[in-house]
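# Coordinate inspection notes
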Amino acid sequence: MTALVLLAAVTGCASATAAHKSAAIVAAQSAPAVSSYDLLLRNGRIIDGSGNPWFYGDVAIDDGRIAAIGALPEAQADRVIDAAGLVIAPGFIDVHTHADADLYRIPMAENFIRDGVTTIITGNCGGSVRDVGAYFSRIDNRTTLNVATLIGHNTTLRAVKGDKAGDLSPGQMEQAKQIIRQAMLDGAVGLSTGLIYIPGQWSTTEEIIELNKVAGEYGGIYASHMRNEGGEILAAIDEALRIGREGGTRVQISHFKLPTSVARQIGGSDATLNRVSDARAAGQEVWVDQYPYTASSTSLTTLLPDSILEGGGDAARKLLATPQGHAQAMKAMHQSHAIARGRNHFGYAVIASCRAFPSYHGKSILDVAQMRKAQADGGAELLTSATQPSGAGGGAGDVTMEDQYRAIIDIYLKGGAQMVFHSMDETEVSNIMRHPLVSIGSDSGVRAFGVGVPHPRGYGTNGRVLGRYVREKKLIPLEEAIRKMTSMPALAFRLNDRGLLRPGYAADVVVFDPKTVTDKATFEKPHQYSEGFTHIIVNGEMVMEEGKMTGATPGGPLHGPGWDGTGL
């Protein structure tokens with residue numbers, strides 16, 4: 001392997017000419033006359049991931065590592081790619097994904113690769129694989145991506161007590177701690193919670209702190225889908241910070257956002273961001289991630305009342321199948337949605353995927369209720385949420401909230417659905433993105449192309465940031481966007497040789513055209529890959545070349561700080 005040598009330190013140069021001169025001087029002083037590498041990217045605009053200004057230069061890759069950076073006019077390589085007019089950057093780290101076992105079925109993970117992603121953090125929102133060691137063994141050199149995983153709080157709870165409400169017994173607590181301990185030894189990077197999902201939503205703060213202490217013993221992070229992202233969001237932030245503080249871990253607050261209705265009540269996202277900044281000022285290490293969209297996505301289950309779900313999923317389905325349980329749910333849903341939140345329709349809640357009712361894909365709950373009423377009335381004309389947003393009016397389309405509650409319950413009983421919820425404002429999305437502690441994450445799994453109508457974030461998250469927010473809106477500089485996608489998540493999750501273009505670092509590299517890079521996926525037509533990415537390199541191997549997947553699978557596990565190194 002060629003000796004690793006930094007040929008230029010030219011970030012921050014006042015001009016491209018100065019950059020070339022500085023690189024040439026250092027190269028002449030410290031580089032051998034001719035060096036040979038596996039791969040050489042020439043003449044690119046290098047953005048190294050640090051947030052420093054770009055500079056012109058070459059990137060040499062050898063034996064899976066960055067070997068040299070700078071002006072390398074005499075260097076030779078087995079392969080040379082001319083990157084003139086293109087940006088060369090570290091491969092993007094998607095800090096918040098739900099890939100997990102999807103990688104078994106779809107190891108190419110094309111939706112991530114074609115959006116510039118070379119590394120993912122999975123196991124978020126309290127849900128993960130149960131056996132981290134076995135998972136890592138199974139994906140090693142069998143996927144395109146580098147994969148780090150958290151151990152899920154809900155996964156752990158289900159293993160020791162099922163999905164019912166109630167505190168852990170002392171014996172169950174010890175079992176749960178042992179699951180987390182083993183996961184950390186197997187290489188998990190920390191503990192995740194999803195505190196709006198069963199059974200985690202029933203856990204007390206104190207119980208979570210006790211479990212998080214185990215992750216803290218091994219240098220892990222606490223990543224949380226907080227208990228509330230609505231009217232009680234400030235209290236939920238405080239809870240997440242307390243769990244990290246008393247559990248002895250760093251904190252990652254997942255998919256930071258603010259519904260429009262709540263923004264008006266608390267003074268916008270400045271209020272939530274200030275909570276994070278204040279914690280930082282007080283000495284607590286806390287990080288935040290975001291997806292660049294005004295809609296969220298999660299399970300239909302979140303529309304059901306807690307009183308129905310507290311006995312667990314099986315008990316909920318049995319209860320809802322009875323007249324008494326159905327009536328109880330209808331009453332509780334009306335209290336929660338119509339009275340407490342003032343809703344008069346579910347036009348904002350769109351079905352992304354539903355195995356039992358594929359014809360519902362892309363339809364809102366209001367649409368579905370109207371469809372059902374039209375069918376019951378003998379096929380009368382369907383009114384959509386686009387033409388009738390309040391769910392009021394005459395004819396067969398005149399559906400009530402009760403009609404919509406019944407549709408939700410029936411879909412749940414038939415296997416449930418994944419939803420897209422349109423509830424946020426672009427102003428708050430932009431304000432959050434500007435904050436220097438906010439990294440970028442898709443909150444997506446591996447997508448099967450053409451299946452369902454999923455959230456477009458699974459295809460276009462990074463392309464959207466680079467195209468819409470950097471080039472078109474000029475909200476943040478290109479260098480800052482790259483930092484949010486590379487070195488910042490690497491630092492938060494302690495991926496110590498990723499996220500920067502530095503000699504000796506793993507050769508995860510993305511090459512793209514800054515003039516054309518953009519997302520194509522939309523809410524209506526989400527199955528569209530991002531454009532403008534030309535070459536994607538993972539651990540020194542080309543997984544996408546000139547816009548085409550190569551079939552290479554050089555990815556695999558990235559072990560957390562607690563890994564005992566005994567093998568898998």
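To be clear, the structure that these remarks concern was listed above.
In this report, we go over the structure that sits alongside the text. Predicted model only: the values in this text are computed from it and were never measured.

## Comments concerning the overall build of the protein chain
Helices and strands together make up the secondary structure of the protein chain, namely 19 helices and 22 strands. Counting the 568 residues in the protein chain, one finds 57% classified as buried. For the protein chain, the share of sequence-separated contacts (at least 6 apart) that also reach a separation of at least 24 residues comes to 76%. By element, 50% of the accessible surface of the protein chain is carried by carbon and sulfur atoms, the whole surface being about 21300 Å².

## Description of the packing of helix 7 (residues 205–217) against helix 8 (residues 233–247)
Packed helices, taken two at a time, are described by the angle their axes make and the gap between the axes. In the contact formed by helix 7 and helix 8, the axes pass within 8 Å of each other and the chain directions differ by 45 degrees. Between helix 7 and helix 8, the interaxial angle falls into the category oblique. Of the two elements, helix 7 crosses helix 8, and the hand of that crossing is right-handed. On helix 8, the residues touching Thr205, Glu206, Ile208, Ile209, Asn212, Lys213 and Gly216 of helix 7 are Glu239, Arg242, Ile243, Gly244, Glu246 and Gly247. Taken together, the residues of the contact of helix 7 with helix 8 sort by class into 3 nonpolar, 5 polar and 5 charged.

## Considering the sheet that holds strand 14 (residues 295–299)
Adjacent strands of a sheet pair through backbone hydrogen bonds, lying either parallel or antiparallel. If you walk across this open sheet you meet the 3 strands as 14-16-15, and the pairing is antiparallel. This sheet does not close on itself; its edge strands, each paired only once, are strand 14 and strand 15 (349–353). Neighbour to neighbour, the strand axes of the sheet diverge by 30 degrees on average, direction disregarded.

## Things to note about the layout of surface pockets
Of the volumes computed, that of the second largest pocket is approximately 230 Å³. Forming the walls of the second largest pocket are 15 residues, and the residues nearest its centre are Val350, Gly362, His422, Phe523 and Glu524. Put simply, the parts of the chain that give the lining of the second largest pocket at least two residues each are strand 15 and strand 16 (418–422). Residue classes in the lining of the second largest pocket are distributed as 7 nonpolar, 6 polar and 2 charged.

## Concerning the pattern of salt bridges
Tallied over the entire structure, the rule returns 27 salt bridges. In the salt-bridge network here, residues are joined through shared partners; they are Arg65, Asp497, Arg498 and Asp508.

## Observations concerning the nonpolar core
Among the nonpolar cores identified, the biggest contains 98 residues, and Phe92, Leu103, Leu145, Leu466, Phe493, Phe512 and Phe533 are the most heavily contacted of them. Residue contacts for Leu103: discarding those within four places in its chain leaves Ala109, Ile120, Tyr135, Ile139, Thr143, Leu145, Val147 and Val446.

## Concerning the sheet that holds strand 8 (residues 146–149)
Read from one edge of the open sheet, 4 strands run 6-7-8-22, paired in parallel fashion. Two strands bound the open sheet, and with one partner strand each, they are strand 6 (92–94) and strand 22 (556–557). With 2 bridges connecting them, strand 8 and strand 22 associate as parallel partners. Within strand 22, the residue paired with Val147 across the bridge is Pro557.

## Details of empty space enclosed by the protein
Under the definition given, this model contains 1 cavity of 30 Å³ or more. Taken as a whole, the largest cavity holds about 60 Å³ of empty space. Considering the residues around the largest cavity, the lining is formed by Phe256, Lys257, Leu258, Gln290, Tyr291, Tyr293, Met424, Glu428, Val429 and Ile432. Broken down by element, the residue count for the lining of the largest cavity peaks at 3 residues, all from helix 16 (residues 426–434).

## Quick notes on unusual backbone geometry
For the bond from Ile198 to Pro199, the omega torsion is 0 degrees, close enough to zero to count as cis. In this fold, Pro199 is placed in the loop between strand 10 (190–194) and helix 7. Phi is positive for His255, which is not a glycine, with a value near 30 degrees. Residue position: His255 is located in the loop between strand 12 (250–253) and helix 9 (260–266). Taking the relative accessible area as the measure of exposure, His255 reaches 2% and is therefore buried. Backbone geometry places Lys474, a non-glycine residue, at a positive phi of 55 degrees. Its place among the elements puts Lys474 in the loop between helix 17 (457–472) and helix 18 (478–485).

Here is what the cut-offs are and how they apply
- Residues numbered from 1 in each chain as written.
- Predicted model: local features only at pLDDT ≥ 70, side-chain atom pairs only at ≥ 80, totals over all residues.
- Heavy atoms only, no water.
- Helix = DSSP H or I, 4+ residues; strand = E, 2+ residues; numbered from the N terminus.
- Buried < 20%, exposed > 50% of the residue type's maximum accessible area, 1.4 Å probe, protein only.
- Contact = heavy atoms within 4.5 Å.
- Areas by Shrake-Rupley, 256 points an atom, 1.4 Å probe, with all protein chains shown as cover.
- Axes fitted to C-alpha atoms, helices over the stretch in contact; angles between N-to-C directions.
- Parallel < 35°, antiparallel > 145°, perpendicular 65-115°, else oblique.
- Left-handed = near helix turned anticlockwise from the far one by under 90°.
- Nonpolar A, V, L, I, M, F, W, Y, C, P; charged D, E, K, R; others polar.
- Pairing = 2+ DSSP bridges.
- 1 Å grid on protein atoms, 1.4 Å probe; cavity = no way out; pocket = protein on both sides within 12 Å on 5 of 7 lines; lining within 4 Å.
- Points joined across faces, edges and corners; volume = space filled by probe spheres on them.
- Salt bridge = Lys/Arg side-chain N within 4 Å of Asp/Glu carboxyl O.
- Core = buried A, V, L, I, M, F, W, Y, C linked by side-chain atoms within 4.5 Å.

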